[in-house]
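Each chain, written out:
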Amino acid sequence: MDRAVVLIGVRQAAGFPALQAVDRGLHDMESWARSQQIPLDRIAVLTDVGGGTVDAAAVRKAVQTFASSLSLEQLIVYFCGHGVNNNRNEYWLLSEGPAEPNEVINVSLSAVDAWTTGVRHVVFISDACRTAPQGETIGLNGQTLFRTGSSETEWVDLFYACMPGEAAYEIADRRESSRLYRALYTEVLARALGGGYAQVLEPDQQNSRAFHLIRPYPLKEHLPGYVSRRIVELGAHMAVNQRPEGRVTSGGSKDAWLSRLPATDRIGLSPMSDEAEAGREVTPPEDPAFDAARLAAERLAVPPPDPGKIKTPSAVQVDGASIQAIYTDGTEAEQVATNAVQVHVKEDRRAATLLLHLTSGRCVVIPALWGRMGTMVFEEDQLVDVSCAPLSEGTWGRREELDEQYMERRAQIAAASRFGFAWWEGDSPERLVRLFDEHGEADPSLAIYLAYGLADLGRRDLVGHLLTRDNHVAGNALYDVMLLAKEWGRPVVPFMPLLSRGWALLGPLTGGEAPDVPTPQASHWTLFSDADLPRLQDLLKQ
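Everything quoted here is computed from the prediction, not taken from an experiment.

Trainee: Please explain the sheet that holds strand β6 (residues 104-106) as it appears in this structure.
Mentor: The pairing of strands in a sheet happens through backbone hydrogen bonds and is either parallel or antiparallel. Reading across the sheet, the 3 strands line up as β4-β5-β6 and stay open at both edges, with antiparallel pairing between neighbours. Edge strands, defined here as strands with exactly one partner in the open sheet, are β4 (83-86) and β6. Each adjacent strand pair in this sheet contributes to an overall mean axis angle of 25 degrees, direction not counted. Two elements, β4 and strand β5 (residues 89-93), share 4 bridges in a ladder whose sense is antiparallel. Across the sheet, residue N86 finds its bridge partner in β5, namely N89. In this fold helix α3 (residues 107-114) packs onto β5 and β6, with an angle of close to 45 degrees to the strand it touches most, β6.

See below:
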């Protein structure tokens with residue numbers, strides 16, 4: 001297999017404390033890459049260790065040089081340095097970032113673009129924090145590693161050192177000098193790739209020679225236990241809690257692997273049996289976000305309060321907040337309660353855009369859809385979900401209840417999306433499209449979640465199926481659906497992404513277009529502060 005590896009190490013990002021283990025992490029990964037017989041000219045190392053800087057132009061050039069090779073079958077991009085997670089989008093900070101916004105790698109956009117490189121298997125490995133942004137890191141956009149292409153990639157796998165919102169640790173080994181730090185995740189990962197853990201080794205035969213393969217999915221499954229075991233071994237378990245995450249689209253494919261070793265070359269393994277080694281794996285602590293997502297799903301599965309009789313073709317209600325004022329794109333609307341708005345959506349347009357100013361001081365831009373009741377759910381000053389339900393036939397009427405099983409499934413998707421989990425794992429792209437075929441007419445907002453799921457699975461070609469009859473009649477689409485579809489161009493509603501993770505994808509996916517709006521607040525669905533109200537009012541009139 002023709003393979004290439006780009007290793008990026010940034011010890012010092014502008015305004016951030018220097019990291020101590022970047023050079024050691026790079027050394028471990030470069031040693032592994034060389035052991036794989038990857039040619040030296042297919043291994044690029046970019047680092048500021050020893051002086052100098054790492055800039056986006058050099059990183060992009062290294063990645064694109066390899067990606068443009070027609071023979072390349074696998075490209076691995078590894079990063080060790082500072083990172084942030086902004087509204088469930090990942091960013092790597094280079095030497096001048098975030099002070100220089102273009103000196104930041106937009107990992108989320110890079111992962112979307114990676115599906116069009118034509119390299120059969122693209123792998124991202126991130127040994128970086130995924131904590132919330134502060135100061136200059138708020139409102140980051142950054143650059144993609146890839147040019148948007150037209151060739152299809154079979155798999156894009158992502159390996160993160162920790163869960164969303166958590167830190168990736170450097171640990172000083174108490175048995176060594178206190179100046180010697182270990183990049184915990186990289187150390188464990190390099191050992192696993194080098195054959196150091198029996199559980200992830202899979203026998204393989206090629207031309208009468210015996211090998212062991214390390215495949216992405218088993219590695220993803222076992223890394224949390226290996227990292228926890230290493231934390232215990234280093235005596236850091238009282239202070240450090242780190243659980244790696246993998247997002248693996250290659251699944252159980254027999255053609256996807258990360259490391260191949262001669263069967264006799266089980267590096268670092270003790271003579272103990274595989275069973276004994278399995279017994280030494282430490283169960284990682286449960287991520288509290290799992291429980292939080294489960295409870296959030298239970299709350300979202302409960303139908304919202306009955307708004308009573310609706311006298312207009314569309315309405316929007318708010319759960320968990322109150323409305324102070326409403327503004328529209330010219331469509332007639334009236335506030336009928338502290339939490340409800342009736343909207344006279346025109347039959348030919350099938351949609352209108354509302355700007356709601358809430359008593360909490362937040363502002364939200366939301367579509368009102370023909371024949372639907374929209375419900376916005378607020379929790380902890382965040383807009384956590386937006387859903388729709390049909391209005392009964394006639395001169396309008398009441399909100400109809402949706403299928404209970406669908407409500408539970410949708411609630412699970414919404415909660416997992418909010419907490420940054422890969423809710424689409426285990427689903428086929430075709431199954432997601434079928435889910436929309438069954439329920440999308442009643443609840444068009446489902447298309448937004450499904451569009452991101454299809455993009456994560458590398459099937460943006462199917463996003464165009466997530467359109468209702470009303471979309472076809474009016475010739476429009478929800479912004480996020482159009483954003484993730486293969487071809488940007490259909491009129492959109494509203495004038496910006498609804499799900500916050502969409503902001504990281506603007507520009508390259510929209511033909512260079514991007515809405516000139518204020519920086520959104522930290523929220524699952526897009527939310528603004530009341531200071532942004534005048535600018536949003538101006539945009540609504542355009």
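Trainee: Help me out: how do you make sense of helix α10 (residues 446-456) in this one?
Mentor: In an α-helix there are 3.6 residues to a turn, and that puts residues three or four apart on one side. Taking burial as the measure, the 11 residues of α10 include 11 buried ones, the bulk of the element. Along α10, the residues that are buried comprise L446, A447, I448, Y449, L450, A451, Y452, G453, L454, A455 and D456. Buried-residue contacts for α10 involve β22 (382-390), α8 (404-418), α9 (429-439), β23 (477-478) and α12 (479-484). Of the residues trailing α10, G458 is marked for its positive phi of about 75 degrees.

Trainee: In this structure, what is going on with the packing of aromatic side chains? I would like to understand it.
Mentor: Here a ring pair, both rings aromatic, is described through the centre-centre distance and the interplanar angle of the planes. The full count for this structure, using the stated rule, is 6 aromatic pairs. With centroids separated by 6.5 Å and ring planes inclined at 90 degrees, the aromatic side chains of W503 and F528 adopt a geometry described as edge-to-face. On the criterion of sequence distance, the pair formed by W503 in the loop between β24 (492-493) and β25 (528-529) and F528 in strand β25 is long-range, its members being 25 residues apart. With a relative accessible area of 0%, F528 lands in the buried category. Over the ring of Y197 we find R191; its NZ or CZ atom is 4.6 Å from the centre of that ring.

Trainee: Looking at this structure, how should I read the nonpolar core?
Mentor: Nonpolar side chains in soluble globular proteins tend to end up buried together. Core analysis: the biggest nonpolar cluster contains 96 residues, and L356, M376, L466 and L484 have the highest contact counts within it. If one sorts the elements of this core by residue count, α10 sits on top with 9 residues. M376 has contacts with V316, Q317, V318, D319, L356, V364, I366, L383, D385 and V386, leaving out every residue within four places of it along the chain. Listed in part, the 44 residues of the second largest apolar core include I43, A161, Y226 and L261.

Definitions and limits used
- Residues numbered from 1 in each chain as written.
- Predicted model: local features only at pLDDT ≥ 70, side-chain atom pairs only at ≥ 80, totals over all residues.
- Heavy atoms only, no water.
- Pairing = 2+ DSSP bridges.
- Helix = DSSP H or I, 4+ residues; strand = E, 2+ residues; numbered from the N terminus.
- Axes fitted to C-alpha atoms, helices over the stretch in contact; angles between N-to-C directions.
- Contact = heavy atoms within 4.5 Å.
- Buried < 20%, exposed > 50% of the residue type's maximum accessible area, 1.4 Å probe, protein only.
- Phe/Tyr/Trp six-rings, centres within 6.5 Å; stacked < 30°, edge-to-face > 60°.
- Lys NZ or Arg CZ within 6 Å of the ring centre and 35° of its normal.
- Core = buried A, V, L, I, M, F, W, Y, C linked by side-chain atoms within 4.5 Å.

Worth remembering: the numbers are spatial, not functional.
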